[in-house]
Amino acid sequence: MPPTLASLVHHSALKLTVRAGEDRLDVPVRWAHVSELADPVPYMEGGELLLITALKLDAEDPEAMRRYVKRLVGAGVVGLGFAVGVNYDEVPKALVDAAEEEGLPLLEVPRRTPFLAISKAVSAAIAAEQYRAVTAGFAAQRELTKQALNAGPEGLLAALAAQVDGWAALYDASGAVVATAPEWAGRRAARLTADVERLRDRPAPASAVVGGPETEDRVELHSIGTSRRPRAALAVGTAAPLGTAERYAVHSAIALLTLTTERSRSLHAAEQRIGAAVLRMLLAGQPDHARAVAGDLYGGLLDAPFRMIVAESASASAARAHADGHARVQPAKPASAAATAAAAGGSGGGDPLAVLAETVEAAAARSGEAVLVVPEGERLVVLAGDGSAAVAACGEYAAGLEAGRAAAVPEQPAGDQDELVVGLSAPVGPIAAAAAYKQAEQALSVARRRGRVLVEHEQLASGSVLPLLADDAVRAFADGLLRALYEHDATGRGDLVASLRAWLSRHGQWDAAAADLGVHRHTLRYRMRRVEEILGRSLDDPDVRMELWLALKATSTE
């Protein structure tokens, strides 16, 4: 249950006292908000416990309090907390009367209870409720999977009905009822045939909320299938809107029903849904749940080190970098159409992500390996065993694209085939899947910047950090940091930039740096004092020396 005013009143550490609205303490609290505005209503969303000290209110004016409380109630505020001992020694009677009149719960907050403690209590209760919902959702997913495997769609519907405390029905493509749970829901489900037919005419996936056969029911309809025309539909009837855990259960049921009703190409799409669920669980740090859902389909993949591959089309990657606003992307030379087709194993043209997916899946199938391929918007995420044929095929495909770039004639226009940017993680186990995903993203970012097709994360540590300075944001920082020194040198009053570079390169050794410059060490000392004066920074600070050295390196790469 979400936090309520009653649970806060019963919280032993808060010491809250009810001054009005005792019969309305069971209302849920969405958040605790502090505001001393005379009119906080424009900043309310509804469901808040508002905490005040009446700093800007005349809390002893009955008419002003009636207007204030009335507006709060109209905005959906569920309770008012008044701190005593700050501006008022006790809750003013005018405020108590106004709250009683409007039915707004009024809580007295003692001087020793900070508002922050109340906010933390509400936040902790909300977080605990969300955790319980997610945990219950995972448990429901496991139970639904078990029932689907052991008892088919009928067992799955029975488990789903129990999870949502309602009923569930499965319809075929014509809108006819195939199965229901419990059995008494058959007549209710039959009355929704017309709604199911209307849902069938919409592109999948589609959903709708309709009025049930009886007024106490709320019915959700969901299309089942991955093709444009749904192959089935699921109806879920409940007495109230679904909570988070129930929503997890419904989504799991949709995925599992898709798996059991689709065939051939559609079965492949359903497997991708399961793979996406496994990937989400791995990235959420739930390897045990991921193993349970993966089962025989992907389970073997999680028993040995694997690699994470994240791929984007070059155009999407460039757009992402532009949106980031700070990445400098090296333009990729287009590969010839023949070279691209060769890299794709003979299939020219088409979606580059689809070609990569087909390449790694075909390699895995030939070797009898498990591979998890999940389209993720404009990305493709692949989880494949370390040293597997799928990883090797990805590398060969990328190498073919690189070779095609090198062989491309600059004047030749790019073909219809878009190109890829791919990041490959280091080998990891299931517990480190989130780290592997981040590694793959980092490698993808470096590939994007360097104009490469594929970069492995293990390659990042073998190079130098200096190429990373070729970034617009870094250069702008360097120019701003050194601008005053360059302007000083432009007047002919000394060579401070060169002196600073020499001194830093010699690790602050005066004699060695002065010898490099051909000046006396006292001259160099004077120049470094001028650098400190102009920049307003101390060269004794190692962070300052590091920033100046990187700024000099960044400007020297131009």
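A short tour of the structure in this document, coming up. (Residues numbered from 1 in each chain as written. Predicted model: local features only at pLDDT ≥ 70, side-chain atom pairs only at ≥ 80, totals over all residues. Heavy atoms only, no water.)

**Describing the overall build of the protein chain**
Then step 1. For the protein chain, the helix and strand inventory stands at 20 helices and 15 strands.
Then step 2. For the protein chain, the proportion of its 558 residues judged to be buried stands at 46%.
Then step 3. Taking all contacts inside the protein chain whose residues are at least 6 apart in sequence as the whole, residues at least 24 apart take part in 64%.
Then step 4. If you sum the accessible surface of the protein chain, you get close to 27100 Å²; carbon and sulfur atoms cover 52% of it. (Helix = DSSP H or I, 4+ residues; strand = E, 2+ residues; numbered from the N terminus. Buried < 20%, exposed > 50% of the residue type's maximum accessible area, 1.4 Å probe, protein only. Contact = heavy atoms within 4.5 Å. Areas by Shrake-Rupley, 256 points an atom, 1.4 Å probe, with all protein chains shown as cover.)

**A few points about the packing of helix α17 (residues 496-505) against helix α20 (residues 542-556)**
Then step 1. Two elements in contact, α17 and α20, have axes whose closest approach is 10 Å; the angle formed by their N-to-C orientations is 120 degrees. Our pair here, α17 against α20, has a crossing hand that is left-handed. The residues of α20 that touch α17, namely those facing Val497, Leu500, Arg501, Trp503, Leu504 and Ser505, are Arg545, Leu548, Trp549 and Leu552.
Then step 2. Per-class residue counts for the contact of α17 with α20 are 7 nonpolar, 1 polar and 2 charged. (Axes fitted to C-alpha atoms, helices over the stretch in contact; angles between N-to-C directions. Left-handed = near helix turned anticlockwise from the far one by under 90°. Nonpolar A, V, L, I, M, F, W, Y, C, P; charged D, E, K, R; others polar.)

**Some thoughts on the sheet that holds strand β13 (residues 379-385)**
Then step 1. Spatial ordering of the open sheet is given by β12-β13-β11-β14-β15, a layout of 5 strands whose pairing is mixed. A single partner strand is all that each edge strand has here, and the edge strands are β12 (371-376) and β15 (454-456). Strand-to-strand twist in this sheet, taken as the mean axis angle between neighbours without regard to direction, amounts to 15 degrees.
Then step 2. In this structure, strand β11 (residues 306-313) lies alongside β13, joined through 7 bridges in antiparallel fashion. Directly across from Arg307, in β13, lies its bridge partner Ala384.
Then step 3. Across the face of the sheet, helix α14 (residues 433-450) comes into contact with β11, β12, β13, β14 (420-424) and β15 while running at roughly 40 degrees to β11. (Pairing = 2+ DSSP bridges.)

**Section: the sheet that holds strand β7 (residues 177-181)**
In sheet architecture, strand pairing relies on hydrogen bonds along the backbone and comes in two forms, parallel and antiparallel.
Then step 1. Judged by pairing direction, the sheet is antiparallel, and its 5 strands sit side by side in the order β7-β6-β10-β9-β8 without closing on themselves. Unpaired on one side and paired on the other, β7 and β8 (207-211) mark the two borders of the sheet. Taken over all neighbouring pairs, the strand axes of this sheet differ in orientation by 20 degrees on average, direction set aside.
Then step 2. Pairing of strand β9 (residues 218-224) with strand β10 (residues 232-238), which is carried by 7 bridges, proceeds in the antiparallel orientation. When the sheet's bridge partners are listed, Ser223 is paired in β10 with Ala233.
Then step 3. Relative to the sheet, helix α4 (residues 115-164) contacts β6 (167-172), β7 and β10, its axis offset from that of β6 by approximately 145 degrees.
Then step 4. Here helix α6 (residues 193-200) sits on the sheet in contact with β6, β8, β9 and β10, set at roughly 40 degrees to β9.

Scope: geometric values only; no functional claims are made or implied.
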